[in-house]
Amino acid sequence: MEVRDLKLDGNAIGGILLELVGTDMTACGSVCAGCGAREEMARLDVYPAAGIVVRCRHCESVMIRIVQGRGRTWLDLSGTASLELG
Amino acid sequence: MPSSAVIWLSATVAGIVSETPRVRTLELDVPGWPGHRAGQHLDVRLTAEDGYQAQRSYSIASAPDDGVALTVERLDDGEVSPYLVDEAREGDQVEVRGPIGGYFVWDGEEPDPVLLVAGGSGVVPLMAMARHRARAGSPAPMRLLFSSRTLEDVIYREELDELGSRGDGFEVVHTLTLEQPSGWTGYSRRIDRDLLAEVAWPASESPRVYVCGATRFVDAAADGLLELGYDARWIRTERFGATGS
C-alpha cells in the first residue's frame, strides 16, 4: 500500500458535505487559492485519514481540511478561493 | 435538493441476491427516499447495541425507476461490508443517507456514445447507467469494458450477457486479469492504452466516459484514454477505497 493508493476523489466526501452544507456539493465548482484552477469538487484529490485533506489536482495545494470529533466538525476552507453553489 | 436528503432514513432489507462469492445485492425498502440518478451513491450507517456507529458509502446499482438496490463487495477487514454481505437478512434495518453525487451521473438525455470502464465492484454505478439506458430506451450507444480477476468474480454476468445480446447498442467487453477458463476468447490483461485503443470509441466521436474502480485502476484507465486523444473533460471518474465515509 502506497500513499497514492489512499487517494480518493471528491465523490467520497459527498455525504459529509451534504450533511454540513445541506446540498450536494460534488458538482459544485471550486477554485484553488493556490493556482486559481477551477474544478468540480468531484475532480479534486481526497486523502481520507484521521482528518480529510482535499488537494487541488493541478498544484496539489491543500484546498479543504475536514476534521470531525467529539460531535463537532472543523471545516478549513483557507485554501479555497471560492465555491460556486447551485 | 430538498433538505430531507440530509436526514438519515430507516431502510429495511427487502431482498438479497448473491452475485459472486464475495459480492451480494441488497434491495432496500426506504420510505421517504427522494429518488436517485444513475451513478449516485448513498451512505449506510450501522449502529451496534453499545451505540458504536460505523458508516460507509455504497453505489446504487438500480436504475432510477427501480427502487434502491446496493451491490456490496466484502472487504475482509471492513467494518460494514462483512455485515452487509454475510450477515444481513431480509427484514433487517439499517440507516441510509442520500442520494449523493451530482457529477458522476448519467441521465441518458444525450445521444453521445458512452464508454463505461469498470474495475471489479466499480461496475456497480455503471450498471445503474446500463439499466437506466435499457429501461428508458435511450438510443445512446453504450460500451462497457469490465475488468475482473476471474470469471467467477464477474458481477452481473448473466444480466450483462442478456443486455449485450439484445442488439440495441449496448456492448460488454470482459477482461479477466488473474485466471481465464479454458477456451476464453475475451481479453486477459490489465486495462492499458493498447487495450483501450482496441475497445474504446475513437476520440473523434467525443464519447462520454465513466470510470470506476480502485485508485490505480482509475488512474491507469484515465491516463490511457488521455494518451488516445480523449479530452479530460469527457472523462468522469470515481475512485473507491477502504474508507468510504
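In this convention, every chain numbers its residues from 1, walking through the sequence in written order. Here every chain gets a letter starting at A, and every ligand a number starting at 1, in the order they are written. Local features in this predicted model are restricted to residues of pLDDT 70 or higher, and side-chain atom pairs are both shown and tallied only at a pLDDT of 80 or more, whereas totals for entire chains, interfaces and linings draw on every residue.

## So, the overall build of chain B
- Secondary structure elements are defined from DSSP: runs of H or I of at least 4 residues count as helices, runs of E of at least 2 residues count as strands, and each element is numbered from the N terminus. Check the secondary structure of chain B and you find five helices and eleven strands.
- C-alpha atoms define the radius of gyration in this analysis, and the globule rule sets the expected value at 2.2 Å times the number of residues to the power 0.38. At 18 Å, chain B has a C-alpha radius of gyration in line with the 18 Å of a compact globule built from 245 residues.
- Exposure criterion: with C-beta atoms placed from backbone coordinates, a residue whose C-beta has 20 or more other C-beta atoms within 10 Å is buried, one with 12 or fewer is exposed, and one in between is partly exposed. Among the 245 residues that make up chain B, the fraction classed as buried is 45%.
- Long-range contacts, defined here as pairs at least 24 residues apart, represent 73% of the contacts in chain B between residues at least 6 apart. By the convention adopted here, residues make contact when the C-beta atoms placed from their backbones lie within 7 Å.

## A few points about the overall build of chain A
- When helices and strands are tallied, chain A shows one helix and eight strands.
- In chain A, the succession of helices and strands from N to C terminus is β-α-β-β-β-β-β-β-β.
- What you see for chain A is a C-alpha radius of gyration of 12 Å, in line with the 12 Å of a compact globule of 86 residues.
- Taking the principal axes of the C-alpha coordinates as reference, chain A spans close to 35 × 35 × 20 Å.
- Within the span of chain A, comprising 86 residues, buried residues form 36% of the whole.
- At a minimum sequence separation of 6, the contacts of chain A that also span at least 24 residues come to 46%.

## Quick word on the domain arrangement of chain B
Residues and elements named next belong to chain B.
- Note that the domain bounds were set by an automatic or database domain assignment. According to the domain assignment, chain B contains domain 1 (3-100) and domain 2 (114-240).
- Taken over C-alpha atoms, the centre of domain 1 sits 24 Å from the centre of domain 2.
- The set of elements that each furnish at least two residues to the side of domain 1 that touches domain 2 consists of β1 (9-20) and β5 (68-73).
- Its residues placed into classes, the side of domain 1 that touches domain 2 shows seven nonpolar, six polar and four charged. Residues are grouped as follows: Ala, Val, Leu, Ile, Met, Phe, Trp, Tyr, Cys and Pro are nonpolar; Asp, Glu, Lys and Arg are charged; all remaining types, including Gly, are polar.

## Remarks on the confidence of the model for chain B
- Summary of the metric used: pLDDT quantifies the predictor's per-residue confidence within the range 0 to 100. On average, residues of chain B carry a pLDDT of 93, and 96% of them reach 70 or more.
- For this predicted complex, the interface score ipTM comes out at 0.88, alongside a pTM of 0.93.

## Some remarks on the nonpolar core
Residue and element names in this part refer to chain B.
- Counting 79 residues, the largest nonpolar core has Leu116, Val117, Leu126, Leu144 and Tyr210 as its most contacted members.
- For this core, the element with the highest residue contribution is helix α2 (residues 123-136), accounting for seven residues.
- Formed jointly, this core draws a minimum of three residues from each of two domains, domain 1 (3-100) and domain 2 (114-240).
- Residues in contact with Tyr210, not counting those within four places in the same chain, are Gly39, Phe104, Trp106, Leu116, Leu126, Met129 and Arg236. Think of a nonpolar core as buried Ala, Val, Leu, Ile, Met, Phe, Trp, Tyr and Cys residues, each tied to the set through C-beta atoms within 7 Å.

## Let's talk about the sheet that holds strand β2 (residues 23-29) of chain B
All names here are of chain B.
- Strand pairing requires that DSSP identify at least two bridges connecting the strands. Strand order across the open sheet formed by six strands is β4-β3-β6-β1-β2-β5, with antiparallel pairing between neighbours. Both outer strands of the open sheet, β4 (53-59) and β5, are each paired with one neighbouring strand and no more. Put simply, the sheet's adjacent strands are angled 40° from each other on average, direction ignored.
- With four bridges connecting them, β1 and strand β6 (residues 93-100) associate as antiparallel partners. Each bridged residue has a counterpart across the sheet, and for Thr12 the counterpart in β6 is Gln93. Here, axes are lines fitted to C-alpha atoms. For helices the fit covers the stretch in contact, and angles between N-to-C directions go from 0 to 180 degrees.

## Details of the sheet that holds strand β3 (residues 38-40) of chain A
Residue and element names in this part refer to chain A.
- Spatially, β3-β2-β8 is the arrangement adopted by the three strands of the open sheet, whose pairing is antiparallel. The open sheet is flanked by β3 and β8 (80-84), the only strands paired with a single partner. On average, each strand axis in the sheet is inclined to that of its neighbour by 25°, with strand direction left out of account.
- Pairing geometry for strand β2 (residues 29-32) and β3, over three bridges, is antiparallel. When the sheet's bridge partners are listed, Gly29 is paired in β3 with Glu40.

## Quick notes on the environment of Ala222(B)
Residue and element names in this part refer to chain B.
- Relative to the helices and strands, Ala222 resides in helix α5 (residues 215-227).
- Residue classification places Ala222 among the partly exposed residues on the basis of 18 C-beta atoms within 10 Å.
- Sequence separation between Ala222 and Ala232 is ten residues; the distance between their C-alpha atoms is 8.3 Å.
- Sequence-distant contacts of Ala222, defined by excluding residues within four places in its chain, comprise Val211, Ile235 and Thr237.

## Thoughts on the pairing of strand β7 (residues 72-76) of chain A
Residue and element names in this part refer to chain A.
- Taking burial as the measure, the five residues of β7 include zero buried ones, a minor fraction of the element.
- Pairing between strand β6 (residues 62-69) and β7: five bridges, direction antiparallel. For Gly69, the partnering residue across the bridge sits in β7 and is Arg72.

## Some details on the environment of Pro141(B)
All names here are of chain B.
- Mapping Pro141 onto the fold places it in the loop between α2 and β8 (142-148).
- On the basis of neighbour counts, which here come to 18 C-beta atoms within 10 Å, the residue Pro141 falls in the partly exposed class.
- In sequence terms Pro141 and Leu225 are 84 residues apart; their C-alpha atoms lie 18 Å from each other.
- Once you skip the residues sitting within four places of it in the chain, Pro141 turns out to touch Pro113 and Gly169.

## Describing the pairing of β2(A)
Residues and elements named next belong to chain A.
- Here β2 shows a clear split, with Ser30 and Cys32 buried on one side and none of Gly29 and Val31 buried on the other.
- Pairing geometry for β2 and β8, over four bridges, is antiparallel. From the neighbouring strand, Val31 faces β8, where its bridge partner is Ser82.

## Some words on the environment of Gly29(A)
Residue and element names in this part refer to chain A.
- Tracing the chain through its elements places Gly29 in strand β2.
- C-alpha separation for the pair Gly29 and Gly51, spaced 22 residues apart in sequence, amounts to 22 Å.
- Setting aside residues up to four positions removed in sequence, Gly29 forms contacts with Arg38, Glu40 and Glu84.

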